[in-house]
Amino acid sequence: MTLFGIRTRPRRRRHGLLAAPAAGGLAMAGLAAAGPLILPASAAPAPAPATASATAGDVTGFSRSGNTFTVTASSGAKARVVIARADIFRLWLSPDGTFTHDPAGSDLAVTTDFGPVGAGWTDAGSHYRITTGSLNIRVNKTPLKFSVYRADNSTLVWEESRPTAWTGSRTTQYLTRGADEQFYGTGLRLGEWALRGKTVPVAVDNTWRENDNASPAPFYMSTNGYGVMRNTWTPGSYGFGAPTTLTHDEKRFDAWYFTGDSLKSVLDGYTDVSGKPFLAPLWGLELGNADCFNASSPDYQGDHGRPRHQTTPDVIGYADDARAADMPSGWFLPNDGYGCGYTKPLKPTVDALAARGFRTGLWTSTGLSGIADEVGTAGTRAVKTDVAWIGSGYKYAFDGVQQAVDGIERNSDARRFVWTVDGWAGTQRNAVVWTGDTHGTWDDMRWHVPAIAGAGLSGLNYAAGDIDGIFGGSPQTYTRDLQWKAFTPTFMTMSGWGAANPSAGYQDKQPWRFGEPYLSINRKYLQLKMRLMPYLYTMSRTAHETGVPSTRAMVLEHPDDPVARGNLTSGQFMAGDSFLVAPVVSDTSVRDGIYLPAGTWTDYWTGKTYAGPGWLNGYRAPLDTLPLFVKGGAIVPMWPQMNHTGEKPVSTLTYDIHPRGASSFSLYEDDGLTRAHLSGAYARQQVDVTAPTAGSGTVTVSVGAPVGDYAGKPAARGFAFTLHVASAPGRVGVDGSALARLSSKAAYDAAATGWFYDPADRGGILWVKSGTRSGAFTVTAAGTTVPAARPVPAAAAVPPTP
């Protein structure tokens, strides 16, 4: 939710700021105006100037100081190439020949010192050549243009097709476009993520419709193996045509370049400089719920008579409803509505929610003046910002998010957990970005899938959209939307802004307020997410370390597949490295156009295994079935079933394994709450699996001892394994000692150790319990068979007709 807390569509001003009559009612209890002091930039690119553009001219001088190379041009312009690392450099072109105007400073590029780096240069006649261990940067002399080659000095990375040009208010770089070069990035773009042939605004407009940019980032990357971040706060526009034109509204050019041998390595370099994605607390991966529970407030601009929403403690009744419905959910924003505020004192409500396994956050439209007390005394742990405060975007919004982060971390030992619109490059280190005020329609759901997957191509690990939007909606769209969003790291549901009970079984937008069959389906997917928490948390740790997101466009996992590189696969994504998710985004029970890349893929629900590449059409997907496939070799850690983090101890950890060939997984665990992990308080457990690639043989699961320590780490725990195999093994053992074969699943459930094979369960499941373990151990299943992989049906071997 970002605009008025009323059940009809809110009034808006251009750029999403509140209309004047409403502004006086925005003071919220404990949240007085205290926004950033930096004035906002303009909200969209300016019209093209009428004046002619200028260029630097020819090179007249070249000098070096350390790892900074300065180029002088005939117009008086100068350029600097600063080598930060063998694969990272900054290119700064100053039309007036000075380098004093640096508006972004260190806000976007927070780390630029990577230690000593070897660099050299030569005069190659027509150009100067700056060399590192990874790159050759060519400075063309007549006229001044730049190009970059790999270390072999023959493999082109990028080249300017004409000199960079500027007017008094706009600068544009022109690049040649490769014959099959593809582009990704520009932030949280609301639509398809493959950008070749598209012109993308890198600007804030707060309309939140398809092809807008909800949280723009002046960053893109190319399949040529490079990425670039323009070091600017000004809006821009990127045209990925031939030539590629890259424009920002300023009379300067300043960019950081990152090169690598893959898109993943480019993201690693980009986030090395702009900041790694933050690691959310475990509860932040659980479902969040936002609404106004203080409707009796005279300043509230919604329905003052809403039942069960009169004062802030009323939220406790909703928490009780969730637990009574056996519905996983982890946090509340109880003041989400203009003028809603909260009933003081806040702490008793926060404590009551905590006793039920919920954390509390606060939404703000006006600033953070009360955050020290709200966090430090009352115990809140999250902040959600709004366009009424930071919606002008750019540095204004960026500073506002930083204030929210500081408010949490300076007043507690908790981790940052902030939700925001209007992010920019670097926002990945501070906040979840979400898609703004959207609608509960099939069409909005359609473009949300590529939007959230595509955000990861700009290093945004946490990207979300309100489940079923905040306007309109239906039981069917809610259920379908929740299904696939349960496989993204963070998600939230809004209530109070959509239609009021538009149909039977539709009441508010909390999943436990629906009738059947929606109630049970919502529970099914929320419970599955809770079981998958150790897997999804490990994927977020991977993002925190490498910049590679949890929610991955297909191209990240299959960069050499020409189909996966483009928008034919934009309606599906990888959840981590093991799950292929193909959401149903129309009112149908049949899903067409599921692309299975090379490898084997097992239907999560039926156990049918397919061999890619190919297109799967006619997939039966009734309302309770999300098309979901598991990659061959997957190793997926799972918790016992619980409704919130900490409800039960993880006394037994289950590894769900699809053995095929050699594979591995490194489980990450920490205390899940504090910032102690930043000082090394965490543990890793390595699991390696070897199995036949086809047919029969021995499956070996080697579980390493946990390495590292953190508060609450178990000294020992039980382990269980579910191995997806097509035949019962002849023998199952642990460290060479045979385990007993049990006669039924009931006997297996009751036993401390042993194994049971069920051929009727999803194509065959071998259940194994190894007992409680504290160190390394090995499980072997001899004489079993991996599932046969059937080819994708021949009739579906071509892409679907659009």
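The subject of this paragraph is the packing of aromatic side chains. What the rule picks out here adds up to 48 aromatic pairs. Ring centres of Y220 and F240 lie 5.4 Å apart, and the angle between their planes is 70°; on these two criteria the pair is classed as edge-to-face. Placement of Y220 in strand β13 (residues 213-222) and of F240 in strand β15 (residues 236-240) is noted, with a sequence separation of 20 residues between them. F240 carries the same exposure label as Y220, and that label is buried. Between Y238 and F240, the ring centres sit 6.2 Å apart and the planes meet at 85°, which makes this aromatic pair edge-to-face. Among the residues examined, Y238 registers a relative accessible area of 1% and is labelled buried. Of the residues examined, F240 reaches a relative accessible area of 0% and is grouped as buried. Aromatic ring contacts, followed pair by pair, group F89, W158, F183, Y220, Y226, Y238, F240 and Y257 into a single cluster. Against the face of Y149 rests R138, its NZ or CZ located 3.8 Å from the ring centre.

Right, let's talk about the sheet that holds strand β46 (residues 765-773) for a bit. Read from one edge to the other, the open sheet built from five strands follows the order β36-β37-β42-β46-β45, with strand pairing classed as mixed. The sheet is open, and its two borders are formed by β36 (635-638) and β45 (754-758), each paired with just one other strand. Between one strand axis and the next, the sheet turns through 20° on average, direction left out of account.

Let us look at the sheet that holds strand β16 (residues 244-248). Across the sheet, which stays open at both edges, the nine strands sit in the order β5-β6-β7-β8-β9-β10-β16-β15-β12 with antiparallel pairing between neighbours. Either end of the sheet is taken by a strand with one partner, and the two such strands are β5 (120-123) and β12 (199-202). Adjacent strand axes in the sheet meet at a mean angle of 20°, parallel and antiparallel pairs treated alike. In this sheet, strand β10 (residues 171-175) lies alongside strand β9 (residues 156-166) in antiparallel orientation, the contact comprising four bridges. Across the sheet, residue W166 finds its bridge partner in β10, namely T171.

Calculation rules
- Residues numbered from 1 in each chain as written.
- Predicted model: local features only at pLDDT ≥ 70, side-chain atom pairs only at ≥ 80, totals over all residues.
- Heavy atoms only, no water.
- Phe/Tyr/Trp six-rings, centres within 6.5 Å; stacked < 30°, edge-to-face > 60°.
- Helix = DSSP H or I, 4+ residues; strand = E, 2+ residues; numbered from the N terminus.
- Buried < 20%, exposed > 50% of the residue type's maximum accessible area, 1.4 Å probe, protein only.
- Lys NZ or Arg CZ within 6 Å of the ring centre and 35° of its normal.
- Pairing = 2+ DSSP bridges.
- Axes fitted to C-alpha atoms, helices over the stretch in contact; angles between N-to-C directions.

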